[in-house]
Amino acid sequence: MKSQELRQAFVDFFVSKGHARVPSASLIPDAMSTTLFTIAGMEQFVPVFLGERAAPAPRAVTVQRCLRVAGAKSDIENVGRTGRHGTFLEMLGNFSFGDYYKPEAIAFAWEFSTSKRWLGLDPEKIHVTIHTGDDEAERIWCDEIGVDAQRVSRWDEENFWTMGPTGPCGPSTELFYDSGPQNASGAGDDAPNKGNRFVEFWNVVFQQFNRGADGRVSELPRKAIDTGAGLERMLAIRNGKTSMYETDLFTDIIAAMPRVAPASSPRRADARNDTESIVRKNIIADHARAVTFLINDGVFPSNTDRGYVLRFLIRRAVRNGRMMGYPHGFLTKLVPAVVATLEAEYAELREHRARIERVLSQEEATFERTLERGTAMLEERMERTLRAGEPMLSGADVFELHDTYGFPMELTREIAAERRLRVDEAGFETAMQAQRERARSDAERKRAVVTLADLPAIVTTFTGYGGLGSAGEIVALLRGDTSIARLNAGEAGAVVLDRTSFYAERGGQIGDRGTIRCGDAIFDVDDAQYLGEAVAHHGTLRSGTLAVGDRVETTVHEWWRREIRRHHTSAHLLQRALKDELGDDVAQAGSWVGTDRMRFDFRWPAGALTPEQRAAVARRVNVMIREDSALVTRELPIDEARKTGAVWMHGEKYGERVRVVQAGPSIEFCGGTHSHSTGELGLFVILSEFSIGSGIRRIESCVSEAAESFVQHQQELVGELAASLATTPDDVRERVAKLQREVRELQNAVGQLHARLASSDAQSYAQRAERRGERTFVGAVVPAATPEALRHLSQAIRQRLPSGVIALAGVDDGTVSLFVSASDDQVRQGVHAGNLVKLAAPFVGGKGGGQAAQAQGGGRDAQGASAAVQAIREAVLA
């Protein structure tokens, strides 16, 4: 039986039993989910189980894509090593929302599993497990279905299903298939849950409880049925295979892997035929499926959350491919095979294949560039640890591999395990936490952390969509993190209102500035920030007194709001232009909106924009500005809003109603403030475009007054430059090109002069060489010598001294340059130029390093130059 035949049979069976077909949800669960990825078919129905949302139908059937790589449901350690574990899986499921319960669910499971029309398994080989306290389930299995009581066993935790620490849960009954004594793990493997002989393929959960954050269990509003049947395991059982990797879901992907000669594998000549080779192929096939679907569902490689998991899976697959001798880019070339095995059920894979390949290719290439160096470092650290007799790699080493070479901790742990080493995960986490604290320090310095924990729950109503002014009442006053009753003239603090026209910083848009007035009291607001759902107006009381309960008038500075509105609107137009010019693969990754510029981060796997693309994007934005389209804003229910075709950020939390903003062809979900028309923006200018992470680009731009100022400044700058070059603005480029040619010619001439001078000095340096045993050393402090001059001199000495170590320290205008060269025979004897430079650099107050044959460094302490050379001499001749 083929995989698509089994999928369709499952759906057809339950449709015939009155179930409605419900499409698979994304691998990215609802924002309210407690899991990082969708891990079970029931996850999209959690709000239904909890009574928070209506059921799509009384009965439902799904084929749900799932990913299990972390937490209680993780199978990552066993992936590829057993025939039944994978990260990406398809969960076949049938559900009842208060319709049928245990008798029908058990009967359905048995009929589909044993009927010749459907799965057709031998009934005598099916064993059943139930929860220890579920007498009803045992009665149904034995009395109604007719299963021999000898094949029914009771278990506690194994038969109580939870999706995590919180959420719907309940007792379960599971179906296991006896694969035969030849597959037993040992003499005691004679029943389910005791080894590998009995394979679980169907789990019926009787959802009747909800576990809260406090650990307490309460009854659900209505009992429900949640079935999970793994397609991969079921297909293997149906086809008489002991491993799911022997089914068409994997064999076609494995067949598409590169064929390499035995000598290409760095492990051993017969690697293609041994167990290690099979495991690596299985891991690659599984991870190829997982990363293809993650990218399809909108995840991009990064160092946090879902992006981190994607990056780990890609890099784990690439590393295993390297151990197989596979060429660069092999993983990207497996995407067509993955798509071919899954597109019958998931047609969107075919539509998104080009984007999947682009993202994967870029990440694969990025890791390939560091893999060799990172692997070399890891090997060196493992060797050092083993020589010291230590059982564990230090957390500092694991962090350095992660931070410098992009090795996820999990990958380092797996490689270390191959050498029977553990990793100091606690030490690694300590180093990671220190890095996070450093990253947060800037934000913490920006403003003090203030809480309203000691105040009543406050929600501030924003009135600023209708204008700059509003009336409100002071509901709280804060000085630092302390609640106060009164604020006096000259004092700084925060004013919390029940209503305000001030937009508080959110969604990348900075907070408004302006004034709050009450009689003769004037409070100057220099920032507005959210504290929970309350808005705190930070600033200083210019005059008078403010007290809790006072009625006040708020006024936002007109210029401040106007320029922010215009720059915010430009972000919408820019995203539309990027999608128009580069394609719908562009996805917003963040933004920042101020009064004089706008910053827009977007995911784009193809790398830097070409000058032509950059110009086309700017041109498209300015076309939309000149069209002077009036902005239209609507507040709609979330489901209706999504039908408008609006762009919205995946992973962002939205309420039941959202604001949909249309600016010409741009339609987006957005709660910020915007211009009245696109024409208000006047002119759009891109200031810069650069990378801020793997696959993420940043554009900085400006509009309105800031754009006019920028253009004027550029014109003045070009005019001044033209005047200094004695040419016209139109001829500046040609004039600069001519000067550059002249500079290169002069540099070549200087280089030739250095070479001649070095040649004349080299003989005297070579004659002063010291020899001790098989070591030869030449060292000198060279006055008025740049790094380039040292390189020429070293080459000239090497022509006269084929064997030996050359160490030169050049002193030039108070700075010191270090240059060390070691001949091949000296390197073979253990000399390492990079280590010698590291040894000497502290003497000149600097640093450096390099390869074994050649290295350089420098510092600013010229008085230590002689000591630096002497330190190298002693190390070489010791």
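This one's a predicted model, so the numbers in the text were calculated from it and none came from an experiment.

**Student:** Explain the overall build of the protein chain to me, please; I cannot follow it from the model alone.
**Tutor:** Of regular secondary structure, the protein chain possesses 23 helices and 35 strands. If one aligns the C-alpha atoms of the protein chain with their principal axes, the spans along those axes are about 105 × 90 × 50 Å. Evaluated residue by residue, the protein chain yields a buried proportion of 51% over its 878 residues. Put simply, 67% of the contacts in the protein chain that link residues at least 6 apart link residues at least 24 apart. Accessible surface, the protein chain: about 40100 Å² in total, of which carbon and sulfur atoms supply 49%.

**Student:** Looking at this model, I keep getting lost on the sheet that holds strand β27 (residues 666–669). Mind explaining?
**Tutor:** In any sheet, the strands associate via hydrogen bonds between backbone groups, in a parallel or an antiparallel arrangement. The antiparallel open sheet is built from three strands, whose spatial order is β25-β26-β27. The sheet is open, and its two borders are formed by β25 (631–637) and β27, each paired with just one other strand. Ignoring which end each strand starts from, the neighbouring axes of this sheet average 20 degrees apart. The sheet contact formed by β25 and strand β26 (residues 657–663) spans seven bridges and is antiparallel.

**Student:** What should I look at first to understand the confidence of the model for the protein chain in this one?
**Tutor:** Reading predicted coordinates in detail is not appropriate for stretches of low pLDDT. Across the protein chain, the average pLDDT comes to 88, with 94% of residues at 70 or higher. Below pLDDT 50 for its whole length, residues 266–272 participates in 19 contacts with residues either more than four positions away or in separate chains. Between residues 442–456, whose pLDDT stays under 50, and residues either more than four places distant or in other chains, the model counts 17 contacts.

**Student:** Please clarify how the sheet that holds strand β30 (residues 770–772) should be interpreted in this entry.
**Tutor:** Spatially, the six strands line up as an open sheet ordered β30-β31-β32-β33-β35-β34, and their pairing is mixed. Bordering the open sheet on either side are β30 and β34 (847–850), each of which pairs with just one other strand. Recorded for the sheet is a direction-independent mean angle of 15 degrees between the axes of neighbouring strands. Alignment of strand β33 (residues 815–822) against strand β35 (residues 854–859), held across six bridges, turns out to be antiparallel. For Ser 821, the partnering residue across the bridge sits in β35 and is Gln 854. Packing against the sheet, helix α23 (residues 865–877) makes contact with β30, β31 (775–783), β32 (805–812) and β33, and its axis sits at approximately 175 degrees to β31.

**Student:** Sorry if this is basic, but what is going on with the packing of aromatic side chains here?
**Tutor:** Two descriptors summarise a pair of aromatic rings, namely the distance from one centre to the other and the angle between the planes of the rings. Using the criterion set out here, one finds 27 aromatic pairs in the structure. Arranged with centres 6.4 Å apart and planes meeting at 40 degrees, the rings of Phe 14 and Trp 202 form a pair that is tilted. One end of the pair, Phe 14, is in helix α1 (residues 3–16); the other, Trp 202, is in strand β8 (residues 198–211), with 188 residues separating them in the sequence. The class of Phe 14 is buried, set by a relative accessible area of 0%. Overall, Trp 202 belongs to the buried group, its relative accessible area being 0%. Taken together, a centroid distance of 4.9 Å and an interplanar angle of 90 degrees make the contact between Phe 293 and Tyr 346 edge-to-face. Highlighted residues: Phe 293 in helix α7 (residues 275–296) and Tyr 346 in the loop between α9 (335–342) and α10 (348–351), separated in sequence by 53 residues. Note on Tyr 346: relative accessible area 2%, which makes it buried. By way of ring pairs, the aromatic residues Phe 10, Phe 13, Phe 14, Tyr 100, Phe 108, Phe 112, Trp 118 and Trp 202 are connected into one cluster.

**Student:** Looking at this model, I keep getting lost on the pattern of salt bridges. Mind explaining?
**Tutor:** Where charged atoms from two side chains of opposite charge come close, those side chains can pair. Under the defined criterion, the tally for this structure stands at 51 salt bridges. For Arg 479, the salt bridge identified is with Glu 491, shortest N-O distance 3.0 Å. Of this pair, Arg 479 sits in strand β13 (residues 469–479) while Glu 491 is found in the loop between β15 (486–488) and β16 (492–497), placing the two residues twelve residues apart along the sequence. Its relative accessible area of 38% is what places Arg 479 among the partly exposed residues. What emerges from the salt-bridge pattern is a single network uniting Glu 558, Arg 562, Glu 563, Arg 565, Arg 566, Glu 680 and Glu 705.

**Student:** Where do I start with the environment of Pro 165 in this structure?
**Tutor:** Tracing the backbone through its elements, the reader meets Pro 165 in the loop between β6 (160–162) and β7 (167–178). Taking relative accessible area as the criterion, Pro 165 reaches 65% and is therefore assigned exposed. Measuring from C-alpha to C-alpha, the distance between Pro 165 and Glu 380 comes to 40 Å, with 215 residues separating the pair along the chain. Residues contacting Pro 165, with those up to four places away along its chain left out, are Arg 211 and Gly 212.

**Student:** Is there a simple way to explain empty space enclosed by the protein in this structure?
**Tutor:** In this approach a probe as big as a water molecule rolls over the atoms, and the regions it shows empty are the leftover space. With the rule as written, the count across this model stands at two cavities of 30 Å³ or more. Approximately 50 Å³ is the volume found for the largest cavity. Its residues assigned to classes, the lining of the largest cavity comprises four nonpolar, three polar and one charged.

**Student:** Looking at this structure, I do not really get the pairing of strand β23 (residues 587–593). What am I missing?
**Tutor:** The side chains of a regular strand alternate, residue by residue, between the two faces of the sheet. Pairing of β23 with strand β24 (residues 598–603), which is carried by six bridges, proceeds in the antiparallel orientation. Each residue of the ladder has a partner; that of Ala 587, found in β24, is Arg 603.

**Student:** Any chance you could explain the nonpolar core here in plain terms?
**Tutor:** When a protein is soluble and globular, its nonpolar side chains tend to lie buried together. Judged by nonpolar contacts, the single largest core of 108 residues is most densely connected at Phe 112, Phe 201, Trp 202, Met 234, Leu 313 and Leu 331. Sort the elements by how many residues they give to this core and helix α8 (residues 305–324) lands first, with nine residues. In this structure Phe 112 touches Leu 6, Ala 9, Phe 10, Phe 13, Trp 118, Leu 119, Gly 120, Trp 202 and Met 234, once residues within four positions along its chain are discounted. Ile 510, Leu 573, Val 617 and Ile 625 belong to the second-largest nonpolar core, a separate cluster that totals 30 residues.

**Student:** Explain the pairing of β33 to me, please; I cannot follow it from the model alone.
**Tutor:** Most of β33 sits inside the fold, with seven of its eight residues counted as buried. Here β32 folds back onto β33, and the loop between the two strands holds two residues, one of which, Asp 813, carries a positive phi near 55 degrees.

**Student:** Sorry, what's going on with the state of the cysteines here?
**Tutor:** Disulfide: a covalent bond formed between the sulfur atoms of two cysteine residues. As enumerated under the stated definition, the model contains zero disulfides in all. This cysteine, Cys 66, is not joined by any disulfide, and Cys 169 carries the nearest cysteine sulfur, 18 Å off. Cys 670 takes part in no disulfide bond, and the closest cysteine sulfur to it belongs to Cys 702, at a distance of 20 Å.

**Student:** Please explain unusual backbone geometry as it appears in this structure.
**Tutor:** Outside of glycine, negative phi angles account for most residues, and trans bonds account for most peptide bonds. Positive phi values are uncommon outside glycine, yet Asp 628 reaches one of about 50 degrees. Locating Asp 628 in the fold gives a position in the loop between α16 (611–626) and β25. Classification of Asp 628 by relative accessible area gives partly exposed; the value is 44%. Of note in the backbone geometry, Ser 704 takes a positive phi value of approximately 60 degrees without being a glycine.

**Student:** How should the side chain of Asp 397 be read in this particular structure?
**Tutor:** Note on placement: Asp 397 falls in helix α12 (residues 395–405). Relative accessible area serves as the criterion here: at 9%, Asp 397 is assigned to the buried category. For Asp 397, the side chain forms a polar contact with the side chain of Arg 381, separated by 2.7 Å. If near-sequence neighbours (up to four positions away) are discounted, Asp 397 is found in contact with Met 377, Arg 381 and Arg 384.

**Student:** Looking at this structure, I do not really get helix α5 (residues 231–238). What am I missing?
**Tutor:** Note that an α-helix has 3.6 residues per turn; residues three or four places apart therefore point the same way. Extensive coverage of α5 is indicated by the burial of seven of its eight residues. Of all the positions in α5, only Leu 231, Glu 232, Arg 233, Met 234, Leu 235, Ala 236 and Ile 237 are classed as buried. Just past α5, the residue Gly 240 takes up positive phi, approximately 70 degrees.

Thresholds, definitions, all that
- Residues numbered from 1 in each chain as written.
- Predicted model: local features only at pLDDT ≥ 70, side-chain atom pairs only at ≥ 80, totals over all residues.
- Heavy atoms only, no water.
- Helix = DSSP H or I, 4+ residues; strand = E, 2+ residues; numbered from the N terminus.
- Buried < 20%, exposed > 50% of the residue type's maximum accessible area, 1.4 Å probe, protein only.
- Contact = heavy atoms within 4.5 Å.
- Areas by Shrake-Rupley, 256 points an atom, 1.4 Å probe, with all protein chains shown as cover.
- Pairing = 2+ DSSP bridges.
- Axes fitted to C-alpha atoms, helices over the stretch in contact; angles between N-to-C directions.
- pLDDT = per-residue confidence, 0-100.
- Phe/Tyr/Trp six-rings, centres within 6.5 Å; stacked < 30°, edge-to-face > 60°.
- Salt bridge = Lys/Arg side-chain N within 4 Å of Asp/Glu carboxyl O.
- 1 Å grid on protein atoms, 1.4 Å probe; cavity = no way out; pocket = protein on both sides within 12 Å on 5 of 7 lines; lining within 4 Å.
- Points joined across faces, edges and corners; volume = space filled by probe spheres on them.
- Nonpolar A, V, L, I, M, F, W, Y, C, P; charged D, E, K, R; others polar.
- Core = buried A, V, L, I, M, F, W, Y, C linked by side-chain atoms within 4.5 Å.
- Disulfide = S-S within 2.5 Å.
- Polar contact = N/O pair within 3.5 Å; in protein donor to acceptor, adjacent residues only side chain to side chain.

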